[in-house]
Amino acid sequence: MSEETAPYGTGPAKAQQTEGAAAIKRIRTHHLREMKQRGERFAMLTAYEQYAAQTFDEAGIEVLLVGDSASNNVFGNETSLPVTVDELIPLARAVTRSVRRALVVADLPFGSYQASPEQAYLTAVRFMKEANAHAVKLEGGVEMAPQVRKLTEGGIPVMAHIGFTPQSEHNLGGYRVQGRGDAAKRVIEEARAMEEAGAFSIVMEMVPGDVAADVTASVSIPTIGIGAGAGCDGQVLVWQDAFGLRTGRMPRFVRQYADLHGVLLDAARAYAADVRAGTFPAEEHTF
């Protein structure tokens, strides 16, 4: 079959370099730290499959997260809790195969790392070996320092996640802002504990903007906000939220940059109408 008629995709297209980024062929963890030192912001999006990953890479997104949010954005679950390691590894593998420049981070799902540092290491190794992930992410603060230390000492880069941690939603009493009032001190303590344990960056979710800004100023590693204000070094959103593939009520921190649901809906209706009317396939679509 020739390239011209291959109907189902031909793998990742060559990513285009964004202006000023040509010197970096592959984003590494130290590049993010250097960007923080220079006062430069960076962008992070979730990705779960080939074409979204390829598109975001071409757009110059620095970090792609194969999140456990695939649970409720790919597999149809209500929360992130049910997704498993075996379900996430093929998604991570698809993303890493499809990018040329972005740093790909894989989430460790609920129950796959909390029991012990050894459990965390064995799970992370699977993502690094079977999915070719560049780093892993885990949730938790001070109590996760042993896990972070074990992974980093074993050669696995770790992105930490503090503030609201979705895997602990039942323990936290639902989706609630973390770090208000007297609790702000704990957020800063958790961030410093993650830095000391060896994490290369920290996601802060649903943390008051002033607290997140204080954390960002108090640590040397980059911070990434999701519902944590503009004072972080980077920002992350779930791509289906940001680009309007998912409909319904959105979290306050989401800005929608497109209406992909509407585009796909119109396209699907037009296709169905053409099929029913007998106008597709036409002569030019027939061998």
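Residues numbered from 1 in each chain as written. Predicted model: local features only at pLDDT ≥ 70, side-chain atom pairs only at ≥ 80, totals over all residues. Heavy atoms only, no water.

- The protein chain appears in an unreviewed UniProt entry as 3-methyl-2-oxobutanoate hydroxymethyltransferase from Nocardioides soli.
- You can read under Pathway (unreviewed entry) in the UniProt record for the protein chain the words "Cofactor biosynthesis; (R)-pantothenate biosynthesis; (R)-pantoate from 3-methyl-2-oxobutanoate: step 1/2."
- In the Function (unreviewed entry) part of its UniProt record, the protein chain is described as follows: "Catalyzes the reversible reaction in which hydroxymethyl group from 5,10-methylenetetrahydrofolate is transferred onto alpha-ketoisovalerate to form ketopantoate." (UniProt positions renumbered as here; feature names shortened; annotations may be inferred.)

A few points about the UniProt feature "active site" (unreviewed entry) in the protein chain
- Cross-referencing UniProt, the feature "active site" (unreviewed entry) maps to E205 in the present numbering.
- You can see E205 is positioned in strand 6 (residues 201-205).
- Among the residues examined, E205 registers a relative accessible area of 8% and is labelled buried.
- In this structure E205 touches H161, I162, G163, F164, P166 and I226, once residues within four positions along its chain are discounted.
- Only 3.0 Å separates the side chain of E205 from the side chain of H161, close enough to count as a polar contact. (Helix = DSSP H or I, 4+ residues; strand = E, 2+ residues; numbered from the N terminus. Buried < 20%, exposed > 50% of the residue type's maximum accessible area, 1.4 Å probe, protein only. Contact = heavy atoms within 4.5 Å. Polar contact = N/O pair within 3.5 Å; in protein donor to acceptor, adjacent residues only side chain to side chain.)

Let's talk about the domain arrangement of the protein chain
- Domain boundaries in the protein chain define domain 1 (24-256) and domain 2 (258-287).
- Across the contact, 7 residues belong to domain 1 and 5 residues belong to domain 2.
- Together, the buried faces of domain 1 and domain 2 total about 430 Å²; carbon and sulfur atoms form 63% of this surface.
- Of all residues in domain 1, the largest losses of buried area upon contact with domain 2 belong to F243, G244 and L245, amounting jointly to 67% of the total for that side.
- In this structure, the connection of domain 1 to domain 2 is made through 0 salt bridges. (Domains from an automatic or database assignment. Buried area = accessible area lost by both parts, 1.4 Å probe. Salt bridge = Lys/Arg side-chain N within 4 Å of Asp/Glu carboxyl O.)

Here's the deal with helix 11 (residues 260-277)
- Spanning 18 residues, helix 11 covers 26 Å between terminal C-alpha atoms, matching the ideal 26 Å at 1.5 Å per step.
- The positive-phi residue at the C-terminal boundary of helix 11 is G278, with phi of around 80°. (Expected span 1.5 Å × (residues − 1).)

Describing the pattern of salt bridges
- The tally for this structure, following the rule as stated, stands at 7 salt bridges.
- R38 serves as the salt-bridge partner of E40, at 2.8 Å between the closest nitrogen and oxygen.
- You can call E40 partly exposed: its relative accessible area is 34%.
- For the salt bridge of D241 with R246, the shortest nitrogen-to-oxygen distance reads 2.6 Å.
- Looking at D241, the relative accessible area reads 9%, which means it is buried.
- In this structure R246 comes out as partly exposed when scored by relative accessible area, which is 31%.

Side note on the sheet that holds strand 2 (residues 63-66)
- Around the barrel, 8 strands lie side by side as 1-2-3-4-5-6-7-8; this closed barrel has parallel pairing. Shown here is a sheet whose adjacent strand axes are inclined to one another by a mean of 25°, direction ignored.
- Bridge count between strand 2 and strand 3 (residues 103-107): 4 bridges; the pairing is parallel. For L65, the partnering residue across the bridge sits in strand 3 and is V105.
- Here helix 5 (residues 117-130) sits on the sheet and contacts strand 3 and strand 4 (135-139); the angle it forms with strand 4, its principal contact strand, is near 145°. (Pairing = 2+ DSSP bridges. Axes fitted to C-alpha atoms, helices over the stretch in contact; angles between N-to-C directions.)

Thoughts on the confidence of the model for the protein chain
- Averaged over the protein chain, the pLDDT score is 92; the fraction of residues at 70 or greater is 91%.
- Per-residue pLDDT stays below 50 along residues 1-10; that stretch engages in 5 contacts with residues further than four places along the chain or on separate chains.
- Across residues 15-21, where pLDDT falls below 50, the model places 13 contacts with residues more than four positions away in sequence or in other chains. (pLDDT = per-residue confidence, 0-100.)

Digging into the UniProt feature "binding site: 3-methyl-2-oxobutanoate" (unreviewed entry) in the protein chain
- If you check UniProt for "binding site: 3-methyl-2-oxobutanoate" (unreviewed entry), the listed places come out as D68, S69, D107 and K137 in our numbering. Spanning 70 residues, the named residues nonetheless gather at one spot, since no C-alpha pair among them exceeds 12.3 Å.
- With respect to the helices, strands and loops of the structure, S69 is situated in the loop between strand 2 and helix 3 (70-73).
- Mapped onto the secondary structure, K137 falls in strand 4.
- Aside from chain neighbours lying at most four places away, what touches K137 is L65, V105, A106, D107, L108, M159, A160, H161 and V203.

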